[in-house]
Amino acid sequence: MTATLAAGCTDRSTGDGGDPGGTVIIAVPGTFTPALPIYSVTATTVNITSQVYDRLATAPENLSSFGDAGFEPRLARSWTWAPDSMSIAFHVNPDARWHDGRPVRASDVKFSFDVARDPRSGSNIAPLITNIDSISVRDSLTAVAHFKSRSPEQFYDLVYQLYIVPEHVLGGVARDQLTTADASKLLVGSGRFRLARFEPGARLELVADTANYRGRAKLDRVIFTVAADGGAAVAQILSGQADVFEFIPPDLVARLDSNSPARAVPFPGLAYAYLGMNQRAQRGSGPHPLFGDRAVRLAVSMALDREAMLRNVFDTLGVLGVGPYARRLADSAVTIPPFDRARATALLDSAGWRAGPNGVRAKGGRALAFSVMYPTSSKPRERYAVLIQEQLRSIGARVDLTAVDFPTFQRRQEAGEFDAALISANPDANLGGARQYWTAGGMARGGQNFVKYNNPRFDALLDSAVASFDGARRRDQTRRAWQMLVDDAPGVWLYDLLFMNAVHRRIRTTDLRADGWWAGLADWTIPADERIDRDRVGLRPAQP
Amino acid sequence: MVHLAPGDPFGAEGSRLTPELREQLRVRFGYDRPLVEQYGRYVANVARGELGFSHSLQMPVATALATAIPRTLLLMGVALALSFGLGMWLGVFEAKRRGTAAARATNAITIVLYSLPAFWLGLMILLAFAYWIPIFPAGGMRDVALADYMTPGQALLDRVKHLVLPVLTLVLWTGAYVARYQRAALAEVLPLDFIRTARAKGVPAHALVSRHALRNALLPMITLAGYLFPYLLGGTVVIERIYAWPGMGWLVTNAIGSRDYPLVIAAVLVGGIMVALGNLLADIGYGLADPRIRAR
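Everything numeric in this text was worked out from a predicted model, so none of it was measured.

Caption draft 1: Examining the overall build of chain B more closely. Regarding its fold elements, chain B presents 12 helices and two strands. Beginning at the N terminus, the succession of helices and strands in chain B can be written as α-α-β-β-α-α-α-α-α-α-α-α-α-α. In chain B, which comprises 296 residues, the share counted as buried stands at 48%. Accessible surface, chain B as shown: approximately 14,300 Å² in total, 68% of it carbon and sulfur.

This is the structure we're talking about:
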């Protein structure tokens, strides 16, 4: 499989294929509908949003959220910090235009923020911009953001989360009607692509905005086409009917050999998967009868041979989990519990779990038996579940597997209706995003702390780190916080989600970013001598 | 029943959907009301011709159905016509050559095809003709990149090319069934007295079957057509998923997965109507085929 990957991944990045042109078809399993940025939650809708709309600036390649270093201007040509850092004046690019030709103004920035934080709109980014007090309009091209407090991530919080939308299109829509209003579906943005047509259940087509202030996209068109499921999308890729399929499963990689029209393109991500152990009882508010005990959690962690499981499921394409973060954000000084079955057994012995006649341990009449829940939509997690069941049998634990479809998995995960679950997390790169997953605040509805990990000392350390302007102190506090969490063993860190896209060989991609492989889509190119029929359509209008 | 399925109608949107937005959407779509009230409202709305709003597709249910039903009818209609054509021809072929090696071979092939699961057959055909020998598209109804730039003739050809594989799957799957049914029906008619009389009067063997026996063996085939009409609807669910054909089958499976209650219920309604329609067409067909029924 590694050889296949190597053969397929010839260097076709850093697109610079000469004349602009070409059509890229992205096969999407399942349905999608275009949505405003504040409602875009799935990978496809976020992809579409990021092509059509702009932020004030874009985060650096390393996704640093500390200050504004490395941020590149987008709709804001420049910005000026107030001496006390309690406000930032953004100077809107005077050349920026909406797709209907109207100029982008500072009032659009204010409007976008007001909509995003208005509870009536139900925006999904409102919890992420709470430190921003307001945005005022100094003049037609200057919007001033006022903050409630200084923080190292204040610039990131505003600029990364907020896409700018047109006030003249959406201003007349009632805030609580934005999710379904026709005006919301027009997708009038300022990005390098604009919406050409949308056929529900079939396709969505974006075309290059030739008058864009950042220069026209190097592709003519990007078409998102609906495939029934992953298998149908794979069929479209392998037959050359589609050009891109995102997040291809590991077993498809081997089929993308040199004879295939597509190649596998790996890219970094921020997502990871872990076996989460629920520390709260499913009924009532007390601790979980098994996982409320740290010794049990630690024993489970140490009983699992994570490397062997990784090889079994992903062969050589897996990336071992190193903690509650992706490897690219990991601190190598943080050590996680090692694989040591003898110690795991000793831990259980000392905690009073005695082996019964059937081989299953028990304590106080309660068997060391629990269920592991996983979504049927994830083949890797399904395979991990079976391996975990088998490995834990060796320490006297009886594991039942609960397979549920994805909506059910989400509901039970959020409701805490599980003993243990194979959870995938996809946090933002900033420390503030980690709060949602592991602090007490993340246990509230809408949070991601599904295992109900609750350690006030951890929360305090993380809060101090987030608020610290001293880089060294921040790193130290962060390291101590993560080590504390890892020692508490709320989960077993299984693997980083290794993302790979299948991309047609004629396409030259840019380097794919961890926060969105699609970030550079407007700069992908197709050399003129490799173009096929659909690349030669250009930007001419459709037949009536 | 669909409400019994675990999951939130808006859970498929991802956990980043805030509780406030979920609650707002629940209220807007009426999911916060008691189930009995929801049902009453739904029935009253259906009586007025309103089938509700699909939150997964962000459009009225009626619009979604109006888009999907013709696509499924196209697929089903073509498949049904070709299935019967092929199936009846095979049945007559076997009846005329009964006892020969050709009839036995045909019988064996129809048994095999009849036994194969539709999804497996579909996947194999897709693999064979869209991947190994890539002469047909791997899915969809038309070329998403070029369809809008084709001449009418090119567009028609494109549509036909996209129809071939899903129709072929359905025709092989149901045609074998029809063939066996036709063969059995002919086997019942051929020993009858009027056939013996015709044979004694010197009617050639091929005319005996096609002109005399077939007409009388048609009534069971009309029953079968009425039965296959909704049966194919179930089959197209699988075929539409394999070939990414955006018809009713695709619509229903996505609606169930998204807990899109109005769309699921409307789709079930449509299925029920099609069953009734199939039976009605069969009854009408009886009258046309059998003058005794018309006289009665």
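Caption draft 2: Region of the structure containing the sheet that holds strand E7 (residues 132-139) of chain A. All names here are of chain A. The sheet built from four strands is open, its strands ordered E5-E6-E8-E7 with antiparallel pairing. On the outer flanks of this sheet lie strand E5 (76-81) and E7, each paired with one strand and no other. Across this sheet, the average inter-strand angle for adjacent strands is 20°, counted without regard to direction. Where helix H3 (residues 106-117) meets the sheet, it contacts strand E6 (87-92), E7 and strand E8 (142-147), and its direction lies at approximately 160° from that of E7. Its contacts with the sheet put helix H4 (residues 154-161) on E5, E6, E7 and E8, and the angle it makes with E6 is roughly 35°.

Caption draft 3: The packing of aromatic side chains, seen in detail. Residues and elements named next belong to chain A. Tallied over the entire structure, the rule returns 27 aromatic pairs over all chains. Consider the rings of Tyr-274 and Trp-438, whose centres lie 5.4 Å apart with planes at 50°: the pair is tilted. With a gap of 164 residues between them, Tyr-274 in strand E15 (residues 272-277) and Trp-438 in helix H14 (residues 431-438) connect regions that are remote in the sequence. The same class applies to Tyr-274 as to Trp-438, namely buried. An angle of 75° between the planes, with centres 4.9 Å apart, marks the rings of Phe-291 and Phe-370 as edge-to-face. With Phe-291 in the loop between E15 and helix H9 (294-303) and Phe-370 in strand E20 (residues 369-375), the pair connects residues that are 79 residues apart, well separated along the chain. By relative accessible area, which is 2% here, Phe-370 ends up buried. Put simply, the rings of Tyr-272, Tyr-274, Tyr-325, Trp-438, Tyr-453, Phe-458, Trp-482 and Trp-493 touch in pairs and so form one group of aromatic residues. The ring centre of Phe-469 lies 4.4 Å from the NZ or CZ of Arg-150, which sits over that ring.

Caption draft 4: Representation of helix H4 (residues 101-115) of chain B within the structure. All names here are of chain B. An ideal rise of 1.5 Å per residue puts 21 Å on 15 residues; H4 measures up with 21 Å between its terminal C-alpha atoms. Among the residues making up H4, those that are buried are Ala-103, Thr-106, Asn-107, Thr-110 and Leu-113. The buried residues of H4 all sit within an arc of 130° when viewed along its axis, so they share a single face. Projecting away from the buried face of H4 at angles above 90 degrees are the exposed residues Ala-101, Arg-104 and Ser-115. Among the structural elements, helix H3 (61-96), helix H5 (118-132) and helix H6 (152-189) are those in contact with the buried residues of H4.

Caption draft 5: Region of the structure containing the interface of chain A and chain B. Taken together, the contacts link 57 residues of chain A with 46 residues of chain B. Both sides together, the interface formed by chain A and chain B hides about 4,300 Å², and carbon and sulfur atoms give 53% of it. The interface formed by chain A and chain B contains four salt bridges. The residue Arg-203 of chain A makes a salt bridge to Asp-148 of chain B at a minimum N-O spacing of 2.4 Å. Remark: the boundary between chain A and chain B carries 10 residue pairs in polar contact (both at pLDDT 80 or more). Of the residues contributing to the side of chain A that touches chain B, the split by class is 18 nonpolar, 22 polar and 17 charged.

Caption draft 6: Spotlight on helix H10 (residues 306-314) of chain A. Residue and element names in this part refer to chain A. Within H10, the full set of buried residues consists of Arg-306, Met-309, Leu-310, Val-313 and Phe-314. Angular distribution of buried residues about the axis of H10 spans 100°; they occupy a single face of the element. Tucked inside the fold, the buried residues of H10 contact helix H8 (250-253), strand E16 (319-320), helix H12 (379-393) and strand E23 (491-496). Where H10 terminates, the next one or two residues include Asp-315, which has phi positive at roughly 55°.

Caption draft 7: Molecular detail of the sheet that holds strand E19 (residues 366-367) of chain A. All names here are of chain A. If you trace the three strands from one edge of the open sheet to the other, you get E17-E18-E19, paired in antiparallel fashion. Two strands in the sheet have a free side with no partner beyond their single neighbour: strand E17 (354-355) and E19. Relative to E19, strand E18 (residues 361-363) runs antiparallel, the two being bridged by two bridges. Directly across from Ala-362, in E19, lies its bridge partner Ala-367.

Caption draft 8: Here's a closer look at the packing of H3 of chain B against H4 of chain B. All names here are of chain B. H4 packs onto H3 with a crossing angle of 145° between their chain directions and a minimal axis gap of 8 Å. As H3 packs across H4, the resulting crossing turns out to be left-handed. Here Leu-90, Phe-93 and Glu-94 of H3 lie close against H4, whose contacting residues are Ala-102, Ala-103, Thr-106, Asn-107 and Thr-110. In terms of residue class, the contact of H3 with H4 is made up of four nonpolar, three polar and one charged.

Caption draft 9: Representation of the pairing of E6 of chain A within the structure. Residues and elements named next belong to chain A. With five of six residues buried, E6 is to be regarded as a mostly interior element. Pairing of E6 with E8, which is carried by five bridges, proceeds in the antiparallel orientation. Bridging from a neighbouring strand, Ala-89 pairs with Val-144 of E8.

Caption draft 10: Seen up close, the confidence of the model for chain B. Residue and element names in this part refer to chain B. The predicted model of chain B has a mean per-residue pLDDT of 81, with 88% of residues at 70 or higher. Across chain B, H6 holds the top mean pLDDT of 90, while helix H12 (residues 291-295) sits lowest at 63. Scored as a whole, the predicted complex attains pTM 0.80, and scored at its interfaces, ipTM 0.77.

Caption draft 11: How the structure looks around the environment of Ala-179 of chain B. Examined against the element boundaries, Ala-179 of chain B turns out to sit in helix H6. If we skip the residues at most four places from it in the chain, Ala-179 of chain B touches Gly-87, Leu-90, Gly-91 and Thr-110 of chain B.

Caption draft 12: Highlighting the packing of H6 of chain B against helix H8 (residues 205-216) of chain B. All names here are of chain B. Orientation of H6 relative to H8, taken along the N-to-C sense of each, is 100°, at an axis distance of 9 Å. Accordingly, the angle class assigned to the pair H6 and H8 is roughly perpendicular. Contacts between H6 and H8 pair Gln-182, Leu-186 and Val-189 from the former with Val-209, Ala-213, Leu-214 and Asn-216 from the latter. Looking at the contact of H6 with H8 residue by residue, the classes come out as five nonpolar, two polar and no charged.

Caption draft 13: Summary view of the pattern of salt bridges. Under the counting rule described, the total for this entry stands at 31 salt bridges over all chains. Across the pair Asp-405 of chain A and Arg-259 of chain B runs a salt bridge whose closest N-O atoms are separated by 3.0 Å. Here Arg-259 of chain B lies in the loop between helix H10 (248-257) and helix H11 (261-289) and Asp-405 of chain A lies in the loop between strand E21 (398-404) and helix H13 (406-415), a pairing that spans two chains. Under the relative-accessibility criterion, Arg-259 of chain B is labelled buried at 4%. Shared partners join several salt bridges into a network, and the residues in it are Arg-197, Glu-199, Arg-203, Glu-205 and Arg-221 of chain A together with Arg-142 and Asp-148 of chain B.

Caption draft 14: Summary view of the side chain of Glu-153 of chain A. Residues and elements named next belong to chain A. Note that Glu-153 resides in the loop between E8 and H4. Within the structure, Glu-153 has its side chain in polar contact with the side chain of Ser-65 (distance 2.9 Å). Aside from chain neighbours lying at most four places away, what touches Glu-153 is Ser-65, Asn-430, Leu-431, Gly-432, Val-466 and Arg-474.

How each quantity is defined
- Residues numbered from 1 in each chain as written.
- Chains lettered and ligands numbered in written order.
- Predicted model: local features only at pLDDT ≥ 70, side-chain atom pairs only at ≥ 80, totals over all residues.
- Heavy atoms only, no water.
- Helix = DSSP H or I, 4+ residues; strand = E, 2+ residues; numbered from the N terminus.
- Buried < 20%, exposed > 50% of the residue type's maximum accessible area, 1.4 Å probe, protein only.
- Areas by Shrake-Rupley, 256 points an atom, 1.4 Å probe, with all protein chains shown as cover.
- Pairing = 2+ DSSP bridges.
- Axes fitted to C-alpha atoms, helices over the stretch in contact; angles between N-to-C directions.
- Contact = heavy atoms within 4.5 Å.
- Phe/Tyr/Trp six-rings, centres within 6.5 Å; stacked < 30°, edge-to-face > 60°.
- Lys NZ or Arg CZ within 6 Å of the ring centre and 35° of its normal.
- Expected span 1.5 Å × (residues − 1).
- Arc of directions from axis to C-beta.
- Buried area = accessible area lost by both parts, 1.4 Å probe.
- Salt bridge = Lys/Arg side-chain N within 4 Å of Asp/Glu carboxyl O.
- Polar contact = N/O pair within 3.5 Å; in protein donor to acceptor, adjacent residues only side chain to side chain.
- Nonpolar A, V, L, I, M, F, W, Y, C, P; charged D, E, K, R; others polar.
- Left-handed = near helix turned anticlockwise from the far one by under 90°.
- pLDDT = per-residue confidence, 0-100.
- Parallel < 35°, antiparallel > 145°, perpendicular 65-115°, else oblique.

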